[in-house]
Amino acid sequence: MLDAKLLRQNPDRMRQALSRRRESQETIDMFEQFLDEDRKWREYVAETEQLKANRNAVTQQVAQAKRNGEDAQSLIEKMRLVGDQIQALDAQIRESEQVIEDCLLRLPNLPHDSVPEGASEEENPELRRHGEAPVFSFEPKNHWDLGQLLGILDFERAAKVSGSRFVIYKGLGARLERALMNFMIDMQAGRGYEEVWPPYLVNRASMVGTGNLPKFEDDVFRVADEDFYLIPTAEVPVTNLHRDEILALEMLPINYAGFSSSFRSEAGSSGRDTRGLIRLHQFQKVELVKFTTPESSYDALEAIVEDAEAVLRALRLPYRVIEICTGDLGFKETKKYDLEVWLPGAKMYREISSCSNFEDFQARRANIRFRRTEKSKPEFVHTLNGSALALGRTMAAILENYQEADGTIRVPEVLIPYMGGVTRMGYANERI
RNA sequence: GGAGUGAUGGCCGAGUUGGUCGAAGGCGCUCGCCUGCUAAGCGAGUAUACGCUGUAAAGGCGUAUCGAGGGUUCGAAUCCCUCUCACUCCGCCA
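These figures come from a predicted structure and were not determined experimentally.

Here we look at the protein's contact with RNA strand B
As a structural note, the neighbourhood of RNA strand B is formed by 21 residues, with Arg 8, Glu 49, Ala 53, Asn 56 and Arg 80 the closest of them. Backbone sugar and phosphate groups make up 63% of those atoms of RNA strand B lying within 4 Å of the protein. The side chain of Arg 42 places a nitrogen or oxygen atom 3.4 Å from a phosphate oxygen of RNA strand B. One of the side-chain N or O atoms of Arg 80 is found 2.5 Å from a phosphate oxygen in RNA strand B. Elements represented by at least two residues in the surface near RNA strand B include exactly α1 (4-9), α3 (25-67) and α4 (73-106).

Brief notes about unusual backbone geometry
Of note, the amide linkage connecting Leu 213 to Pro 214 takes the cis form, showing an omega dihedral of 5°. By the element assignment, Pro 214 lies in the loop between α8 (204-210) and β6 (229-230). Omega for the bond connecting Leu 252 with Pro 253 falls within 30 degrees of zero, at -5°, which places this linkage in the cis form. Within the fold, Pro 253 resides in the loop between β7 (245-248) and β8 (254-263). Of note, the phi angle at Lys 347 is positive, near 55°, even though the residue is not glycine. Secondary-structure assignment places Lys 347 in the loop between β11 (335-343) and β12 (348-359). Backbone geometry places Glu 359, a non-glycine residue, at a positive phi of 50°. Relative to the helices and strands, Glu 359 resides in strand β12.

A look at the UniProt feature "domain: Aminoacyl-transfer RNA synthetases class-II family profile" (unreviewed entry) in chain A
Per the UniProt annotation, the sites labelled "domain: Aminoacyl-transfer RNA synthetases class-II family profile" (unreviewed entry) are residues 175-412. What you have in residues 175-412 is 26% helix and 32% strand, and the ends, taken at the C-alpha atoms, are 13 Å apart.

Regarding α3
Here α3 spans 62 Å end to end across 43 residues, near enough to the 63 Å set by a 1.5 Å rise per residue. Following α3 by one or two positions, Gly 69 adopts a phi angle in the positive range, close to 70°.

Some points on the domain arrangement of chain A
Looking at the assigned domains, one finds that chain A contains domain 1 (4-106) and domain 2 (121-425). The C-alpha centroid of domain 2 is placed 43 Å from the C-alpha centroid of domain 1. Tallying the contact residues gives 7 residues for domain 1 and 10 residues for domain 2. Where domain 1 abuts domain 2, roughly 800 Å² becomes buried across the two surfaces, and 47% of that area is made up of carbon and sulfur atoms. When residues of domain 1 are sorted by the area they lose upon contact with domain 2, Arg 21, Leu 105 and Arg 106 head the list and together hold 74% of the total. Between the two partners, domain 1 and domain 2, sit 5 residue pairs in polar contact (both at pLDDT 80 or more). Of the residues forming the side of domain 1 that touches domain 2, the biggest block, 3 residues, is contributed by α4. A per-class count over the side of domain 1 that touches domain 2 returns 2 nonpolar, 1 polar and 4 charged.

Here's the deal with the side chain of Glu 323
Residue placement: Glu 323 occurs in strand β10 (residues 319-323). Here the side chain of Glu 323 touches Lys 335 through a polar contact of 2.6 Å, side chain to side chain. Residues contacting Glu 323, with those up to four places away along its chain left out, are Ser 114, Val 115, Pro 116, Asn 124, Pro 125, Leu 127, Lys 335, Lys 336 and Tyr 337.

Reading the values: rules and limits
- Residues numbered from 1 in each chain as written.
- Chains lettered and ligands numbered in written order.
- Predicted model: local features only at pLDDT ≥ 70, side-chain atom pairs only at ≥ 80, totals over all residues.
- Heavy atoms only, no water.
- Near = heavy atom within 4 Å.
- Polar contact = N/O pair within 3.5 Å; in protein donor to acceptor, adjacent residues only side chain to side chain.
- Helix = DSSP H or I, 4+ residues; strand = E, 2+ residues; numbered from the N terminus.
- UniProt positions renumbered as here; feature names shortened; annotations may be inferred.
- Expected span 1.5 Å × (residues − 1).
- Domains from an automatic or database assignment.
- Contact = heavy atoms within 4.5 Å.
- Buried area = accessible area lost by both parts, 1.4 Å probe.
- Nonpolar A, V, L, I, M, F, W, Y, C, P; charged D, E, K, R; others polar.

This is the structure we're talking about:
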């Protein structure tokens, strides 16, 4: 959510942002509707407040008169009418506020000046690459074939138990998932992040706080008849940890590494990535979340990218870093980098981490503030996050990059201790 | 799930026969005074949001806020309704 005052005073800044983001006409119209409603709202407010000031004054006269044992009936009669007027105006104000609030909650964030112009993901510049794509003496398999041959991924039974877009990890596959979780959390805990294991169900206010609602209702799962949503990422509960709080300056920056399952409806993506671990209704993820001062959030963003890259480097997975252009930027972000890992089976780079700065967009929605000194006014913090990493896609990358000619998978060196010393996943290990 | 109690400012805590209550008192905090230092003491101050006005900043006026929302009333922290949360007891449960 953006500052209504800023939008009112500088509407062209928003208009320009909407155009840079290639927003739909619908969104552009919504912004103009906001400006219009905001103007009306201020008129109503001025009017009703004047009436209330008058009523408050007369009310004092009534009290005074009663204390003196005088008759106040004529004053009361007059105020009865004013009361009705106020009630009618207040109702109108509430309606206006609802329209305004709804617009504000659905208007996207302003791209940072440094974000490259572009219409779509095709124009996202690649910033750098790291690691060499492995060379195979055979045709590398995709991860779902490998996983099923090894008996560590079971998509068929997952479909029976739950449905499509689910997986069951078994044996060393389950163990590898667990190893990845522990490795990634330990690694970030060693880099200054506090480990957090949040709830996987959150209330609506939390979903609105991070900007997942009201605009993206279709993307998330909701528990029937309850005010509970399955989290689409740990970002939601972890960012909302400090909702409605005023933090002391000394507490910043706050760095959390949250582990959770993530649940996504994947509405609108039917037919895409239907096989394998790339696009599931449930996957696990270690998510980095930062709360910073406004002046340090862009440095913090670079730091998050580095922390996520470090995981890929430790796992010796080839990857590249791309910067998201204005037209591909998500609803909430001012600036975003994606890390893409090389998948030999698919012969392409796939997103494995996404690191974003939201500036005060979430902080304003979730009312997360800080005070520079005890006497200074609270200011909104900046929030950021980045995946480090998505476990399912990491496993896919490991299976595809570490496969051998005989169909076995070497275990990345850093994971061997987490795998109880297992160095290779193969047919011999089937009966774990 | 059943029964009950409660929710007031940074904290504790008055106020529930509706009117002078943005809210006593205390603690904490800030500034000043005092003291050779510390402690004690004295004085002043100490919420947030929004609107209007105004400025280089500030300020001024107004409105709202006593868990949240709605209602009754000329007027609500105080009365009514709904909800949320916390605590206690019972039941159930990993």
